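For reference, the chains in residue letters:
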2 protein chains.
Amino acid sequence: MNDAREIRAKSGTNHEGTSAHNRRVMIDALRLNGSLSRADLSRATKLTKQTVSNIIEELEGDGLVLSLDVVRKGRGQPSTPYKLVPDGAFAIGLQIDRHVTRAAAVNLIGNVLVRAEANLPPGGPSRGAKVILDLIESVRKELATLSVQSEKRLVGLGVAMPGPFGMDIVDDDPWMMAAWQNFPLLETLAAGTGLDVGLQNDASASATAERMVGVANGLDHAVCLYLGYGIGAGLILNGELYNGANGNAGEIGMVLTPPRHAGERHQALEHRASLASLYQHMGLDPADPALHTKLAAAALSSEPSLAGWIELAAGDLRWSVQIIETIFDPETVIICGSAPEPLARRLMQAMDPLLPSIAERRTRRLPRVQLGMTDPWAVALGAAAEPISRAFDPRFSAILKTRANG
Amino acid sequence: MNDAREIRAKSGTNHEGTSAHNRRVMIDALRLNGSLSRADLSRATKLTKQTVSNIIEELEGDGLVLSLDVVRKGRGQPSTPYKLVPDGAFAIGLQIDRHVTRAAAVNLIGNVLVRAEANLPPGGPSRGAKVILDLIESVRKELATLSVQSEKRLVGLGVAMPGPFGMDIVDDDPWMMAAWQNFPLLETLAAGTGLDVGLQNDASASATAERMVGVANGLDHAVCLYLGYGIGAGLILNGELYNGANGNAGEIGMVLTPPRHAGERHQALEHRASLASLYQHMGLDPADPALHTKLAAAALSSEPSLAGWIELAAGDLRWSVQIIETIFDPETVIICGSAPEPLARRLMQAMDPLLPSIAERRTRRLPRVQLGMTDPWAVALGAAAEPISRAFDPRFSAILKTRANG
DNA sequence: GAAATAAGTCAAGACAATTGACTTAATAAG
DNA sequence: CTTATTAAGTCAATTGTCTTGACTTATTTC
């Protein structure tokens with residue numbers, strides 16, 4: 001029917017897809033509920049007891065689940081609960097920031113087992129790539145000392161760095177984030193480590209972390225408002241991270257905000273509500289290694305210039321939250337980022353009262369806005385959580401055939 | 001493991017899920033590509049020739065596909081292309097608007113076969129429900145005269161009405177849209193028609209229509225900016241309509257816009273860029289039956305008050321498009337709605353040049369903004385397209401088990 | 001005319017979930 | 001203290017769906 005005309009279609013599926021999905025569903029259920037018996041799993045997943053038994057046996061054989069003590073409760077044969085084996089799988093996450101890179105190893109349930117960081121030399125990837133590969137290697141070595149099986153059970157490498165990706169680069173900065181984005185990073189890392197590599201921006205990584213071990217755990221619709229050097233949103237929609245057509249969904253830094261006062265020009269959100277704007281406002285040096293500590297201290301004091309920025313930024317964030325609620329209709333909005341926790345907390349407080357929005361409903365179960373992780377390691381954790389999610393979370397794409405046969 | 005504690009888990013799947021998915025994938029491929037041979041389908045879906053043959057045979061038996069003339073092309077046995085049978089399935093769509101309700105019947109490929117409209121009496125659902133049921137009944141009867149099989153092949157009823165849904169009602173208007181939203185409409189319609197009923201807001205319905213037969217056909221990431229009495233966005237993300245946690249995603253009317261000039265208060269977008277705002281600006285009566293014609297005429301003239309509104313609204317839309325691009329990273333933004341086409345066209349032109357955004361990339365294949373349907377029947381069409389999509393489009397939820405056995 | 005190529009079929013096989021009867025082990029009831 | 005009831009979990013056979021590999025058919029190219 002077609003010469004070279006491209007045929008567009010989604011993939012079909014087969015037994016393998018079915019089986020893979022059911023395995024993922026069971027792992028997901030165990031992660032979400034802590035421990036469940038085979039009978040529980042059967043009811044929850046709508047699969048038969050027999051099927052659940054078969055899959056559990058398989059998962060147990062693979063070292064992904066283990067049985068706990070028998071539980072007596074009411075009539076009937078006592079049940080044997082199962083839970084995930086924490087060290088049933090590992091993943092490594094890498095955060096590439098302006099002047100520093102962090103790597104972390106996590107296990108199947110999101111515990112951080114190893115962390116390591118290194119300074120990135122200025123000059124971008126030409127010099128930095130080596131630093132990164134060494135850092136990953138050292139994390140991998142250390143992980144191997146904690147678990148003999150770590151190498152065998154390593155499911156991938158997740159990378160997080162500031163977006164947006166794939167843009168025609170216009171401006172650059174001394175730390176050459178743009179150069180990083182043009183560099184064939186994924187290929188280099190895949191070749192250098194032999195691992196499957198995934199990429200997210202900071203905000204998405206944060207959301208991934210919140211979903212695995214944070215306040216977004218078990219939520220299918222949540223947005224992480226990530227306040228870092230820039231500002232971004234990590235989108236969890238229908239239980240999966242949403243990336244958009246080009247991987248740039250949620251890059252809200254370029255959104256134009258309402259002017260604060262008469263005569264002010266419209267400004268991009270990231271010039272008003274981001275740590276970069278705070279540094280500028282307070283005349284701080286972004287490269288100062290003690291910056292985080294200083295900011296934390298300032299946040300606990302009554303520093304007037306900080307208070308001024310908080311007041312202004314909270315206004316923009318209040319507006320941002322309202323837009324996010326209005327556009328996404330999420331269960332909750334999570335404030336996270338690399339700001340020191342006292343600062344994030346003060347920002348949260350300053351955002352109160354929130355603007356009226358569609359999110360104000362009596363049937364709400366969760367707060368409209370919650371504080372998420374502010375740990376500087378959260379992004380690396382999210383980066384590491386991504387391969388775990390890719391390997392074990394139920395998702396449409398995991399069902400589809402990836403190669404043809406016949 | 002649990003007393004009454006609720007266990008949260010996703011559903012598993014089985015052979016039926018596999019088969020259902022593969023059927024949907026084939027139908028989707030045929031819809032998207034017009035006609036394909038079994039060999040084409042096998043390559044495109046990654047299923048084996050044999051599997052494709054089996055499914056095609058089944059679909060042919062179900063009257064959903066039919067074979068075309070054999071095509072000779074190059075070496076090898078000539079291929080037999082298949083295409084969808086237009087009248088292989090039908091659905092009815094219902095639009096409930098302020099003072100009017102429209103019903104349309106479409107077939108499997110989105111052709112509108114029947115349309116009918118009725119005035120809604122003031123007073124909300126207490127009197128309107130009957131009008132609606134009668135209208136649906138008349139469409140159904142007329143459809144039956146066009147196809148003997150229509151009743152057997154009717155897959156559902158789709159309803160579209162202005163959102164947001166499930167809110168604590170604050171203000172109301174004479175046409176009592178709020179009352180409609182509180183009324184158990186879906187239950188009433190399901191009981192009154194015996195059909196499966198789905199609900200969307202206007203903007204989502206518009207997006208559904210654009211995806212089935214409009215400029216979003218085949219796109220996996222697109223946003224429809226719907227300009228009606230209010231304003232909303234219909235979100236196609238990952239190839240599916242996105243509804244949010246409570247079905248209100250895309251209800252952007254409440255977004256606060258940047259002030260137009262010093263001293264102006266922040267205003268909700270729907271008070272500035274919506275037909276309601278135009279009516280107010282021009283002193284038009286929204287209930288005037290000739291309104292659409294008058295507006296169309298005005299749009300073709302050089303009416304200064306209309307030109308003034310266009311200038312203002314275009315500014316807000318420009319900003320809205322930039323936010324949408326920044327947040328969703330879609331392949332394209334589609335302007336649609338119930339404004340007369342000349343008006344929509346002028347608005348589009350007035351939006352040029354668009355604000356700089358992440359969407360400006362050299363690798364773009366589609367325009368950043370495109371004009372979609374402005375037909376007053378587009379929403380009813382989208383409403384009717386929804387059950388077709390629900391029944392035939394590949395989607396994650398269609399794979400999952402819905403009832404337990406064992 | 002023979003070789004190459006491609007579409008499509010046939011029949012057997014493989015895989016994974018389902019079915020229904022059965023076993024095991026506890027509590028509740030008399 | 002015995003028996004009935006309830007629930008967890010297993011066993012073995014069955015079913016549904018896709019895959020496999022060999023085969024047939026039809027066309028073009030050499």
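Cut-offs applied
Residues numbered from 1 in each chain as written. Chains lettered and ligands numbered in written order. Predicted model: local features only at pLDDT ≥ 70, side-chain atom pairs only at ≥ 80, totals over all residues. Heavy atoms only, no water. Helix = DSSP H or I, 4+ residues; strand = E, 2+ residues; numbered from the N terminus. Buried < 20%, exposed > 50% of the residue type's maximum accessible area, 1.4 Å probe, protein only. Contact = heavy atoms within 4.5 Å. Areas by Shrake-Rupley, 256 points an atom, 1.4 Å probe, with all protein chains shown as cover. Pairing = 2+ DSSP bridges. Axes fitted to C-alpha atoms, helices over the stretch in contact; angles between N-to-C directions. Disulfide = S-S within 2.5 Å. Near = heavy atom within 4 Å. Polar contact = N/O pair within 3.5 Å; in protein donor to acceptor, adjacent residues only side chain to side chain. Nonpolar A, V, L, I, M, F, W, Y, C, P; charged D, E, K, R; others polar. Salt bridge = Lys/Arg side-chain N within 4 Å of Asp/Glu carboxyl O.

K.L.:
Please provide a residue-by-residue account of the overall build of chain A, values included.
P.N.:
Across its full length, chain A holds 12 helices and 15 strands. Summarising its shape, the C-alpha atoms of chain A cover approximately 70 × 55 × 55 Å along the three principal directions. Of all 406 residues assigned to chain A, the portion counted as buried reaches 55%. The long-range fraction of contacts in chain A, counting pairs at least 24 apart against all pairs at least 6 apart in sequence, stands at 67%. Surface accessibility of chain A: about 16700 Å² in total, with carbon and sulfur atoms responsible for 51%.

K.L.:
Please set out the sheet that holds strand β6 (residues 112-119) of chain A residue by residue, giving values where relevant.
P.N.:
All names here are of chain A. Taken together, five strands build an open sheet; the order of strands is β6-β5-β4-β7-β8 and the sheet is mixed. At either margin of the open sheet sits one strand with a lone partner, and together these are β6 and β8 (197-201). Averaged over all pairs of adjacent strands, the angle between their axes in this sheet comes to 20 degrees, without regard to strand direction. Pairing of strand β4 (residues 90-96) with strand β7 (residues 154-161), which is carried by five bridges, proceeds in the parallel orientation. Bridge pairing in β7 links Gly-93 to Gly-158.

K.L.:
Mind laying out the state of the cysteines, listing which residues take part and the relevant values?
P.N.:
This model, assessed by the stated rule, comprises zero disulfides over all chains. No disulfide involves Cys-336 of chain A; its nearest neighbouring cysteine sulfur is the one of Cys-224 of chain A, lying 4.0 Å away.

K.L.:
Kindly report on the protein's contact with DNA strand D, identifying the contributing residues and their values.
P.N.:
Neighbouring DNA strand D are 33 residues, the closest being Gln-50, Ser-53 and Lys-401 of chain A together with Arg-72 and Gln-77 of chain B. Among all atoms of DNA strand D positioned within 4 Å of the protein, those belonging to sugar or phosphate total 67%. Side-chain polar atom of Gln-50 of chain A to a base nitrogen of DNA strand D: 2.3 Å apart, as the coordinates give it. Side-chain polar atom of Arg-75 of chain A to a sugar or linking oxygen of DNA strand D: 3.4 Å apart, as the coordinates give it. Counting residues per element, the ones that place at least two in the surface near DNA strand D are α2 (38-45) and α3 (49-61) of chain A together with α1 (15-33) and α3 (49-61) of chain B. The greatest single-element share of the surface near DNA strand D, amounting to four residues, is contributed by α1 of chain B. When the residues that make up the surface near DNA strand D are grouped by side-chain class, the tally is four nonpolar, 22 polar and seven charged.

K.L.:
Describe the pattern of salt bridges, listing the residues and the values that go with them.
P.N.:
The final tally for this structure, using the stated rule, is 28 salt bridges over all chains. Residues Glu-325 of chain B and Arg-368 of chain B are paired through a salt bridge, measuring 2.7 Å at the closest nitrogen-oxygen approach. With Glu-325 of chain B in helix α10 (residues 304-328) and Arg-368 of chain B in the loop between α11 (341-350) and β15 (369-371), this pair connects stretches of sequence that are 43 residues apart. Residue Glu-325 of chain B shares its accessibility class with Arg-368 of chain B, and that shared class is buried. Its salt-bridge partner being Glu-386 of chain B, residue Arg-390 of chain B comes within 2.7 Å of it at the nearest N-O pair. Separated by four residues within a single helix, Arg-390 of chain B and Glu-386 of chain B lie in helix α12 (residues 378-392), roughly one turn from each other. Taken together, the salt bridges that share partners define one network made up of Arg-23, Glu-58 and Asp-62 of chain A.

K.L.:
Mind laying out helix α8 (residues 275-282) of chain B, listing which residues take part and the relevant values?
P.N.:
All names here are of chain B. Those residues of α8 that fall on the buried side of the exposure criterion are Leu-275, Ser-277, Leu-278, Tyr-279 and Met-282. Packed against the buried residues of α8 are β9 (222-227), α9 (291-300), α10 and α11. Within two residues after α8, Gly-283 carries a phi angle of roughly 65 degrees, on the positive side.

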